[in-house]
Amino acid sequence: MTNAPRPYESYVYAYPHKTAYRPLADRPALRELWAGERKDALSLYLHIPFCEVRCGFCNLFTRIGAPDELTTRYLDALDRQATAVADALHARAATGVRFAAAAFGGGTPTFLDAGELERLCDIAEKRMGADLRAVPLSVETSPSTATADRLSVLAERGATRVSIGVQSFVEEEAKAAVRPQRRSDVEAALGRIRDARIPVLNIDLIYGIDGQTPESWRLSLDAALAWRPEELYLYPLYARPLTPLGRRAHPSEAGWDAQRLDLYRRGRDHLLAQGYEQVSMRMFRRSGAPREGADDYACQTDGMIGLGCGARSYTSDLHYSFDYAVGMREIRSLIDAYTTTEDFSRAEVGRAVDADEARRRHLLQSLLQAEGMAVEGYRERFGSRPADDFPAELDRFADLGWLDTDAGPGLLRLSPTGLAYSDALGPALFSPAVRAAMASYEAK
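Residues numbered from 1 in each chain as written. Predicted model: local features only at pLDDT ≥ 70, side-chain atom pairs only at ≥ 80, totals over all residues. Heavy atoms only, no water.

Some thoughts on the packing of aromatic side chains
- This model, assessed by the stated rule, comprises 17 aromatic pairs.
- Aromatic pair phenylalanine 322 and tyrosine 338: ring centres 5.6 Å apart, planes at 80 degrees, arrangement edge-to-face. Of this pair, phenylalanine 322 sits in the loop between β14 (318-321) and α9 (328-339) while tyrosine 338 sits in helix α9; the two residues are 16 residues apart in sequence, bridging distant segments of the chain. Across the pair, exposure class does not vary: phenylalanine 322 and tyrosine 338 are buried alike.
- Among the aromatic residues, those joined into a ring-pair cluster are Phe50, Tyr74, Phe111, Phe322, Tyr338 and Phe344.
- Sitting over the face of the ring of tyrosine 238, arginine 260 holds its NZ or CZ atom 5.8 Å from the ring centroid. (Phe/Tyr/Trp six-rings, centres within 6.5 Å; stacked < 30°, edge-to-face > 60°. Helix = DSSP H or I, 4+ residues; strand = E, 2+ residues; numbered from the N terminus. Buried < 20%, exposed > 50% of the residue type's maximum accessible area, 1.4 Å probe, protein only. Lys NZ or Arg CZ within 6 Å of the ring centre and 35° of its normal.)

As for the pattern of salt bridges
- Counted according to the given criterion, the structure contains 30 salt bridges.
- Here arginine 285 and glutamate 277 are joined by a salt bridge, their closest N and O atoms 3.4 Å apart.
- Look at glutamate 277 and you get partly exposed, because its relative accessible area is 34%.
- Salt-bridge contacts for glutamate 393 lead to arginine 360; the nearest nitrogen and oxygen are separated by 3.8 Å. In this pair, glutamate 393 sits in helix α13 (residues 391-399) while arginine 360 sits in helix α10 (residues 355-367), placing the two residues 33 residues apart along the sequence. Here glutamate 393 and arginine 360 have matching classes, each one buried.
- One network of salt bridges, in which partners are shared, links Glu118, Asp122, Glu125, Lys126, Arg133, Glu156 and Arg157. (Salt bridge = Lys/Arg side-chain N within 4 Å of Asp/Glu carboxyl O.)

Remarks on the pairing of strand β7 (residues 161-167)
- Within β7, seven of the seven residues are buried, leaving the element largely enclosed by the surrounding structure.
- Where burial is concerned, the two faces of β7 agree: the one with Arg161, Ser163, Gly165 and Gln167 and the one with Val162, Ile164 and Val166 are both buried.
- Two strands pair when backbone bridges link them, and strand β6 (residues 137-141) and β7 are joined in this way by four bridges, in the parallel orientation. When the sheet's bridge partners are listed, serine 138 is paired in β7 with arginine 161.
- With respect to chirality, the unit in which β6 leads through helix α4 (residues 148-157) into the neighbouring parallel β7 is right-handed.
- Both β7 and strand β8 (residues 200-207) contribute to a ladder of six bridges, which runs parallel. Each bridged residue has a counterpart across the sheet, and for valine 162 the counterpart in β8 is leucine 201. (Pairing = 2+ DSSP bridges. Right-handed = clockwise from strand over helix to strand, strands pointing away.)

Focus on the packing of helix α7 (residues 214-225) against helix α8 (residues 253-273)
- Where α7 meets α8, the closest approach of the two axes is 10 Å, and the angle between their N-to-C directions is 35 degrees. Note that α7 runs across α8; the crossing there is right-handed. Of the residues in α8, those in contact with Pro214, Trp217, Arg218, Leu221, Asp222 and Leu225 of α7 are Asp262, Leu263, Arg266, Gly267, His270 and Leu271.
- By residue class, the composition of the contact of α7 with α8 is six nonpolar, two polar and four charged. (Axes fitted to C-alpha atoms, helices over the stretch in contact; angles between N-to-C directions. Left-handed = near helix turned anticlockwise from the far one by under 90°. Contact = heavy atoms within 4.5 Å. Nonpolar A, V, L, I, M, F, W, Y, C, P; charged D, E, K, R; others polar.)

Quick word on the pairing of β6
- Burial runs high along β6: four of the five residues are buried.
- Here strand β5 (residues 99-106) pairs with β6 via three bridges, running parallel. By the bridge assignment for β6, phenylalanine 104 is matched with valine 139.
- Note on the crossover from β5 through helix α3 (residues 114-127) to β6: the handedness is right-handed.

Some points on the packing of helix α2 (residues 70-91) against α9
- In contact at an axis separation of 8 Å, α2 and α9 are set at 55 degrees when each is read in the N-to-C sense. With respect to α9, the axis of α2 lies oblique. For α2 against α9, the interelement crossing comes out left-handed. Contacts between α2 and α9 involve Leu70, Arg73, Tyr74, Ala77, Leu78, Arg80 and Gln81 on the former and, on the latter, Ile335, Asp336, Tyr338 and Thr339.
- A class-by-class count of the residues in the contact of α2 with α9 yields six nonpolar, two polar and three charged. (Parallel < 35°, antiparallel > 145°, perpendicular 65-115°, else oblique.)

Here's the deal with the side chain of histidine 17
- Tracing the backbone shows histidine 17 in the segment before β1 (22-23).
- Within polar-contact distance, the side chain of histidine 17 engages the side chain of threonine 19 at 2.9 Å.
- The contact partners of histidine 17, leaving out residues within four places of it in the chain, are Arg312, Tyr324 and Met438. (Polar contact = N/O pair within 3.5 Å; in protein donor to acceptor, adjacent residues only side chain to side chain.)

Here it is as structure tokens:
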């Protein structure tokens, strides 16, 4: 058997990663980009780049606080962008424009007050035409911003899922992750979410925090399970460049990898024993809980509209967004520039997706799901089989024991070991061109 790589190379939640994006010299018009695209099952994402605190592990596009009515100016810009994007979508639409799913992310969308959340929903509905009460609507929150008035707005406007970043119920661990919080405040926020009767509650937990033990990890798991969340996400801790934790010394890579892998397996086994099913390396769903997602939207093939300075949009040929940064000074500058932008009719930064990249993206995003990928569906889309397009990669995965040998010839599915090594498997499918672009990106 081939020696296994490190299990925690990179969390792959989208491909290509934004560090592979570059300024688009031709700045293509959105109405041209979307002219030939299917628009009957789009996903809509609205990005709010504000938080009350910057967690030590966070490399998301977000800033601390919003002085001088910055949230108002940001929502004004979001409104202008939505108007421009909606005009582009409808300009040459052969069929109706329809959104099959929506999400508010960040940052922390509930950093906005109740009135601002109403306006955010109005932008999605009145400008973009999304029917928030008829499609799945997921919203991210935090313990300190999950207030009753904000949750009431979300429930009334159609939110079907609230995801709260708890990370740890152990106060010492939360402090070590540079996320100081009291457990009593976390529990109170969870109570308010349940009182709002939003159908799906997701709780995020992190393993691999300095000082965390199997016993303290089990404590956090059981504290979360006490709320019977419909979903639980278990994230390995990463110490990324330009984040507070990235500037600190952390345990040796080999020792840290072993700790995280052990805690992952303990968490996985405990949740499976408690009646949860594993959806991916990170995601676990309670048996019988509603499936949160559109029935007719597939992330591998359908388009996405992202609004906000940290959001990305996907057509079949181009992924695009605005400039990306992690450092606070650069993020503040980019947000300020976004709020003064008047013309949102063109794509500014992005990366073309050719046939090879589309194949890689489809395989990657399908294979990282526990249910696996039907080979026939891949063949119908691309006219070839994964084994023809990626023989070396799939042979390597098989040698490592990452593929389920009982899945049958028509299904590519990861083994339990393969799921555990998802953060190594995903990057192994990156193209040489994307790897080179990511390597040459200058962090800022």
